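Architecture and fold: a report
The chain contents come next:
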Amino acid sequence: MNINLTLIGQSLTFLFFVFFCMKFVWPALISVMEEREKRIAQGLDNADKADKDLELAKQQVATQIKEAKDQAATILEAANKRANQIVEEAKVQATVEAERIKLSAQADIDREIMQAREQLRSKVASLVLVGAEKVLGASIDASAHNQMLDKLAAEL
Amino acid sequence: MASEGQTSTAYIQHHLQNLAYGKLPAGYHRHDGAVIEQDTWTLAHNPQEAEAMGFMCLHLDTLGWGIALGLILSMVFAFVAKTATLGKPTGIQSFVELLVEFIDKTVKDVFQHKNRLIAPMALTIFSWVFLMNLMDLIPVDWLPLLAAKVTGNEHFYFKVVPTTDPNATLGMSITVFLLMIGFSLYKKGPLGFIKELTMHPFHSGKWYVDIFLMPINLVLETVGLLAKPVSLGLRLFGNMYAGELIFILLALMFSAGLVIGLFGGVLQWGWAVFHILVITLQAFVFMVLTTVYMAMAHDVAEEH
């Protein structure tokens with residue numbers, strides 16, 4: 001158990017390793033660890049922010065959906081109203097048209113009747129004239145008369 | 001295990017002798033009867049020769065293992081420091097970072113001043129001393145027997161635990177002490193340092209009383225100051241030396257028959273398990289005390 005030069009040797013070795021650690025090991029490791037710590041803190045912050053953003057976006061989406069729904073409902077209502085209106089209008093128009101067609105048809109029928117009467121009248125007059133001629137000009141043959149009268153009637 | 005024909009005393013003595021390389025004085029009678037004509041640097045062949053070398057002697061095993069372990073440590077640390085990534089640390093990197101963080105926290109608790117040296121020094125002390133202590137857990141005969149086989153010399157001295165050599169522990173503690181003195185002088189100035197040594201613990205405030213108190217203070221403070229490196233170095237040495245000695249004594253049981261040998265094996269195992277705690281604790285204590293001493297050296301003029 002002598003104290004000897006080994007002591008100084010060990011002392012120098014010790015100093016060398018301490019110096020080596022101080023120069024090449026400690027600063028590099030500490031800087032890496034601090035940098036990572038910073039990054040992790042930033043990451044956590046970012047995550048918090050993202051969470052908040054997500055919450056905000058969700059709220060926004062909800063309001064937007066609600067708005068859209070409201071709008072859709074309004075539009076639907078308006079459309080329904082408009083459709084009803086159009087149907088009503090069409091009904092009225094159709095009624096009017098029908099009335100008009102009925103009237104014009106009536107007028108046509110009346111006119112046709114008048115025409116037929118006119119024609120008939122003129123025809124009757126001429127027929128009477130022809131009948132009278134026949135009656136006056138020829139002998140009275142009952143059967144002939146009958147025949148003629150039948151003819152006349154048929155012509156009426 | 002004591003080899004045949006070797007007494008227990010010789011076995012223990014052999015295990016406690018360092019591989020000494022030193023200067024034998026002229027006229028010394030060597031173990032084989034040869035007389036040295038002039039001062040010679042050579043390996044000691046027995047404890048008496050090592051004794052005769054005096055101060056001019058290097059313990060090659062202590063220094064060798066210290067340097068080897070320190071180099072392994074530095075290489076691993078430097079490798080990790082060079083390849084350290086910002087991403088998720090894996091494997092060896094996460095282990096080293098764990099260690100660095102632990103040391104950093106401990107040092108910051110104790111040492112609040114600004115000094116780039118202290119934390120790396122604490123890391124070096126903790127890991128290096130731990131590794132040197134760890135050599136104690138390798139069964140006491142393995143490496144010496146291996147060394148004897150490799151060198152072909154059956155009496156080759158080989159102590160593998162550097163911290164069981166007081167030269168190693170005191171070498172470190174005295175370095176710490178010198179750094180302490182250096183930082184004290186640097187931070188407080190020579191006058192402040194002298195004042196710290198002479199104005200404490202007794203101080204009256206009247207100069208004609210203080211003048212008589214100064215020598216007493218100086219003696220007390222000097223003793224306190226010098227006790228620090230001595231206790232720091234001897235604590236580590238004492239713990240490790242005692243542990244090593246018990247391992248050696250237990251190893252003696254291996255040569256005393258099967259039953260006692262087996263019992264000795266169990267005891268070895270138990271002591272090794274307990275020793276895991278001791279080696280870690282001693283490394284930690286050495287580191288913390290060093291940091292505390294450094295903090296004391298940096299504390300400027302607290303008024304009493």
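Coordinates for the structure precede this section.
Residues numbered from 1 in each chain as written. Chains lettered and ligands numbered in written order. Predicted model: local features only at pLDDT ≥ 70, side-chain atom pairs only at ≥ 80, totals over all residues. Heavy atoms only, no water.

**As for the overall build of chain A**
From N to C terminus, chain A includes two helices and zero strands. Within chain A, the fraction of its 156 residues that count as buried is 16%. Accessible surface, chain A: about 12,500 Å² in total, of which carbon and sulfur atoms supply 62%. (Helix = DSSP H or I, 4+ residues; strand = E, 2+ residues; numbered from the N terminus. Buried < 20%, exposed > 50% of the residue type's maximum accessible area, 1.4 Å probe, protein only. Areas by Shrake-Rupley, 256 points an atom, 1.4 Å probe, with all protein chains shown as cover.)

**Focus: the interface of chain A and chain B**
If you look at the interface, chain A gives 30 residues, while chain B gives 54 residues. Both faces considered, chain A and chain B share a buried interface measuring about 3,800 Å² in area, 75% of it formed by carbon and sulfur atoms. Its largest share of buried area at the contact with chain B, chain A owes to Gln-10, Phe-14 and Trp-26 of chain A, together 19% of the area lost on that side. Counting the contacts that link chain A with chain B gives one salt bridge. Between Arg-36 of chain A and Glu-97 of chain B there is a salt bridge; the shortest N-O distance is 2.7 Å. At the surface where chain A touches chain B, the tally comes to eleven residue pairs in polar contact (both at pLDDT 80 or more). The class makeup of the residues in the side of chain A that touches chain B is 20 nonpolar, seven polar and three charged. (Contact = heavy atoms within 4.5 Å. Buried area = accessible area lost by both parts, 1.4 Å probe. Salt bridge = Lys/Arg side-chain N within 4 Å of Asp/Glu carboxyl O. Polar contact = N/O pair within 3.5 Å; in protein donor to acceptor, adjacent residues only side chain to side chain. Nonpolar A, V, L, I, M, F, W, Y, C, P; charged D, E, K, R; others polar.)

**As for the pairing of strand β1 (residues 20–24) of chain B**
All names here are of chain B. For β1 and strand β3 (residues 57–59), the ladder comprises three bridges, and the chain directions are antiparallel. For Ala-20, the partnering residue across the bridge sits in β3 and is His-59. Taken together, the four bridges between β1 and strand β2 (residues 40–43) define a ladder with antiparallel strand orientation. The residue of β2 that forms the bridge with Tyr-21 is Leu-43. (Pairing = 2+ DSSP bridges.)

**Let's talk about the sheet that holds β2 of chain B**
Residues and elements named next belong to chain B. Spatial strand order, β2-β1-β3: three strands in an open sheet with antiparallel pairing. Single-partner strands in this sheet number two, and they are β2 and β3. Shown here is a sheet whose adjacent strand axes are inclined to one another by a mean of 15°, direction ignored. On the sheet, helix α3 (residues 60–83) packs against β1, β2 and β3 and is oriented at approximately 50° with respect to β3. (Axes fitted to C-alpha atoms, helices over the stretch in contact; angles between N-to-C directions.)

**Quick word on empty space enclosed by the protein**
With the rule as written, the count across this model stands at one cavity of 30 Å³ or more. Empty space within the largest cavity amounts to approximately 60 Å³. What lines the largest cavity is simply Phe-17, Phe-20, Cys-21 and Val-25 of chain A together with Gly-70, Leu-73, Ser-74, Phe-77 and Thr-124 of chain B. Of all elements in the fold, only α1 (5–137) of chain A together with α3 of chain B reach the threshold of two or more residues within the lining of the largest cavity. (1 Å grid on protein atoms, 1.4 Å probe; cavity = no way out; pocket = protein on both sides within 12 Å on 5 of 7 lines; lining within 4 Å. Points joined across faces, edges and corners; volume = space filled by probe spheres on them.)

**Let's talk about a nonpolar patch on the surface**
On the surface, a nonpolar cluster with roughly 830 Å² of combined accessible area is contributed by Ile-3, Ile-8, Leu-12 and Leu-15 of chain A together with Tyr-21, Trp-41, Leu-43, Phe-55, Met-56 and Leu-60 of chain B. Mapped by element, the contributors of at least two residues to the nonpolar patch are α1 of chain A together with β2 of chain B. If you tally residues by element for the nonpolar patch, the top one is α1 of chain A, at three residues. Looking at the secondary structure, you find Phe-55 of chain B in the loop between α2 (47–53) and β3. With relative accessibility at 41%, the residue Phe-55 of chain B sits in the partly exposed group. (Patch = residues over 30% accessible without salt bridge, like charges linked within 9 Å, V, L, I, M, F, W, Y side chains within 5 Å.)

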